[in-house]
Amino acid sequence: MTAAYPPDQHLLRDLRFSFDHDGDGTSSRAWMPVVEELCTDTGRARAGALATLVDVIGGGLAATAAAPGWIATADLTLSVVRCARPGSVVEARAQVLRAGRTTVVIEVALVDDREEDVGIATMSFAVLPRRDSNPEVDRMRDSPSTMAMPHSRLARPLLDELGVEVRDAARGVVDVPVIDWSRNSMGAMQGGVVATVADVAAEAALRSATGEPVVVTELYVTYLGFGRIGPVRSTVDILAAAAARGTARVELVDAGAENRRMTVVYAVATRDLP
Amino acid sequence: MSDAHATDAGRDVSRYMGMTMQELDELRIVGHGAVAPHLLGRGGSLRAGALLTMIDSVGGLNAGLAALPDGWVVSTNLAAQIVAPSRAGPLRFDSGLLRRGRNNVVTAVEVRDEGAADTLVASGVLTSAILVPQNGPPQWDRPLTLDTRAPTGPSPVPPVPEWLGVRMSDADAIEIDLAAEHVTGGGVTTDVVLHYLAPNRIGPIRAVARTVGMRRDGAVLRVEVCDVGAARTTAVAVVTCATTG
């Protein structure tokens, strides 16, 4: 399936990312136009959308750093410090912090088109033996490039496209199907989408707990297994809740695979970003 | 447990922290640590750096035991949220296995203050890489009990900043916390993600913090730890530090 990844109708095309990679494989840049469909009801880009940008640029750079081996994402962290509003463009600047025999660590700085910091992210990866089905890294590093096709765009809000269904806001129970539009090259739910599901679940539960329109500003995502069947289902434990800030632990399972645990996420939600 | 493959398997740090650790059934570890005077910060609660180091010790031991008999582990990254100050103690660290893969082990650690009605203090996840030590993995009687409360350092036990002057490894979390506190003028660390990139071997060890941005709940900082003598970056962290200003 990798030769045709992503398919013409796919999240990574519709987000209209563009890329520029350096020659020596130690850094890459990517850009994401912020559109209303990516935003929360407070009018700022959702943390999960930013995490998807981070996942794509970080994963591509890590694959280069791990070559000829391949990679599995172990974790993704994101701290948001400034709103990214519709009409702006977020740039992700990724660099390799460590490229070892067993692990690769990537740092991603997020800035807006005024060169203001939007956030900071990190990712780490386990290095694995390459399989024939893994994508070719050289092809991924054509530069500059974009995955977008002429018709690519979000026709509806991101959460609607993903099929997000909030079943119990207070407990953070959210169901999301695993659909072709949001699969990764391994056929499972894409890593940034997994972060988005946790974002939505934490936001719902922490808004209920705090009584405030908080939005997720920190995500610490630990990937334990793939979500291949679906629906992916979340539950949330509130760790702390005050007026301006809440902290939650989110667990995601693949409900269609006997509730196999996929991901553990710590999320912080706050009010009033600059 | 950044140098867990060494003979003493991180116990020097555990001794300074004054911890006990016990293996329970199904590879669960319970640890206990005191809110000792030499580990307190300005506000009279346990320093975040000390708390993170304890989490790393307990979660790392859990991961190491899960890696046996194939190998032992080194910590690769730690993410933790501190949700309440720890002032009473003793603190209880409950560590459980989330995943044991071919190359790495993921453990979750929850910290509660038994002296404050079992209040949740912190929760975190530690990822460790499996390595095969040169002399093989440690051999221990199981179920394992480690009592590392007897300090081996100078007496009386020095407070953290002075202790750092004679330590060069295992102290990344403490360095990072101190740097964050300094750059924010006395802020308190609440959230940390820490990537261990390389061991500190020569020294001096230097932590440099940069403010990425300010939010209503505090400052978000990037902290880089360098082994100056080896001219290399040994750890990078992103820290949220609650500020009063």
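The shown structure was predicted, so the numbers you read here are calculated from the model rather than taken from an experiment.

Participant: A description of the overall build of chain A should follow, citing residues and the corresponding values.
Facilitator: Of regular secondary structure, chain A possesses five helices and 13 strands. What you see for chain A is a C-alpha radius of gyration of 17 Å, in line with the 19 Å of a compact globule of 274 residues. Out of the 274 residues in chain A, the part that is buried amounts to 53%. Sequence separation of at least 24 residues holds for 72% of the intrachain contacts in chain A that already meet a minimum separation of 6.

Participant: Outline the packing of helix α2 (residues 47-66) of chain A against helix α5 (residues 191-210) of chain A, listing residues and values.
Facilitator: The description of two packed helices rests on the angle between their axes and on the distance between the axes. All names here are of chain A. Two elements in contact, α2 and α5, have axes whose closest approach is 8 Å; the angle formed by their N-to-C orientations is 160°. One finds that α2 runs roughly antiparallel with respect to α5. In terms of crossing hand, the pair formed by α2 and α5 is right-handed. Contacts between α2 and α5 pair Ala-47, Gly-48, Ala-49, Ala-51, Thr-52, Asp-55 and Val-56 from the former with Gly-191, Gly-192, Val-193, Ala-195, Thr-196, Asp-199 and Val-200 from the latter. In terms of residue class, the contact of α2 with α5 is built from seven nonpolar, five polar and two charged.

Participant: Can you explain the interface of chain B and chain A? Please cite residues and give values.
Facilitator: When the parts of a complex come together, some accessible area is lost, and that lost area is often taken as the interface size. Facing the 30 residues of chain B at the interface are 35 residues of chain A. Of all elements in the fold, only β3 (72-82), β4 (91-100), β5 (104-113), β6 (119-131), β8 (188-196), β9 (205-215), β10 (218-227) and β11 (232-242) of chain B reach the threshold of two or more residues within the side of chain B that touches chain A. Considered class by class, the residues forming the side of chain B that touches chain A number 14 nonpolar, 10 polar and six charged.

Participant: Outline the confidence of the model for chain B, supporting the account with residue identities and numerical values.
Facilitator: Of all residues in chain B, 84% attain a pLDDT of 70 or more, and the chain-wide mean is 86. Within the model, pLDDT remains below 50 along residues 1-11 of chain B, and this stretch shows 35 contacts once partners closer than five positions in the same chain are excluded.

Participant: Can you break down the pairing of strand β9 (residues 173-176) of chain A residue by residue, with the values?
Facilitator: Residue and element names in this part refer to chain A. Across the two faces of β9 the burial differs, with Val-174 and Val-176 buried and Val-173 and Asp-175 not buried at all. As paired strands, strand β8 (residues 165-168) and β9 are joined by three bridges and run antiparallel to one another. Bridging across to β9, Val-166 finds its partner in Val-174. Looking at chain direction, β9 and strand β11 (residues 232-241) are connected through two bridges and run antiparallel. Directly across from Val-176, in β11, lies its bridge partner Val-232.

Quick notes on the rules
- Residues numbered from 1 in each chain as written.
- Chains lettered and ligands numbered in written order.
- Predicted model: local features only at pLDDT ≥ 70, side-chain atom pairs only at ≥ 80, totals over all residues.
- Helix = DSSP H or I, 4+ residues; strand = E, 2+ residues; numbered from the N terminus.
- Rg over C-alpha atoms; globule rule 2.2 N^0.38 Å.
- Buried ≥ 20, exposed ≤ 12 C-beta atoms within 10 Å, placed from the backbone.
- Contact = placed C-beta atoms within 7 Å.
- Axes fitted to C-alpha atoms, helices over the stretch in contact; angles between N-to-C directions.
- Parallel < 35°, antiparallel > 145°, perpendicular 65-115°, else oblique.
- Left-handed = near helix turned anticlockwise from the far one by under 90°.
- Nonpolar A, V, L, I, M, F, W, Y, C, P; charged D, E, K, R; others polar.
- pLDDT = per-residue confidence, 0-100.
- Pairing = 2+ DSSP bridges.

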